[in-house]
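Fold and geometry: a report
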Amino acid sequence: MDPIEGIPCEECSGVDAEHCKVCLGTGFFTLYRCPNSVVPNWARSLLRLIYIAREGGPWPEAGGLLDQTAAFVDAYDIAVSELSKLDQITKD
């Protein structure tokens, strides 16, 4: 598998990269293994539910947005925000 390069450093976000021990001053890191190997099963399941809901499918709990757990709504908001950032990057 080819390495995945240019992943923003989650420790410093590139803001204080000079002192970061994770990215060693680059602001980015490279993943040398399958991303699925570092994502826990619960997170993959959650992201699958978010993807389905975002694409117009059913939400995890019957009903609308107000029937969902606060944790799911928070996770949904975070995931959609991150996906919007990725969409913007791929457009540039």
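Please refer to the structure placed before this passage.
Predicted model only: the values in this text are computed from it and were never measured. (Residues numbered from 1 in each chain as written. Predicted model: local features only at pLDDT ≥ 70, side-chain atom pairs only at ≥ 80, totals over all residues. Heavy atoms only, no water.)

So, about the environment of L31. Tracing the backbone through its elements, the reader meets L31 in strand β2 (residues 28-31). Given a relative accessible area of 13%, L31 falls into the buried group. Expressed as a C-alpha distance, the spacing of L31 and D87, which sit 56 residues apart in the sequence, is 20 Å. Once residues lying within four places of it in the same chain are set aside, the contact partners of L31 are P3, I4 and I7. (Helix = DSSP H or I, 4+ residues; strand = E, 2+ residues; numbered from the N terminus. Buried < 20%, exposed > 50% of the residue type's maximum accessible area, 1.4 Å probe, protein only. Contact = heavy atoms within 4.5 Å.)

Once their charged atoms are close, side chains differing in charge can pair, the charge on each being opposite to the other. Counted according to the given criterion, the structure contains two salt bridges. Between R54 and D87 there is a salt bridge; the shortest N-O distance is 3.8 Å. Remark: D87 occurs in helix α2 (residues 70-91) and R54 occurs in helix α1 (residues 41-54); sequence separation between them is 33 residues. Taking relative accessible area as the criterion, R54 reaches 33% and is therefore assigned partly exposed. Ionic pairing is found between E82 and K85, a salt bridge with its closest N-O pair at 3.1 Å. In this pair, E82 and K85 are both assigned in helix α2, three residues apart and thus about one turn of the helix distant. (Salt bridge = Lys/Arg side-chain N within 4 Å of Asp/Glu carboxyl O.)

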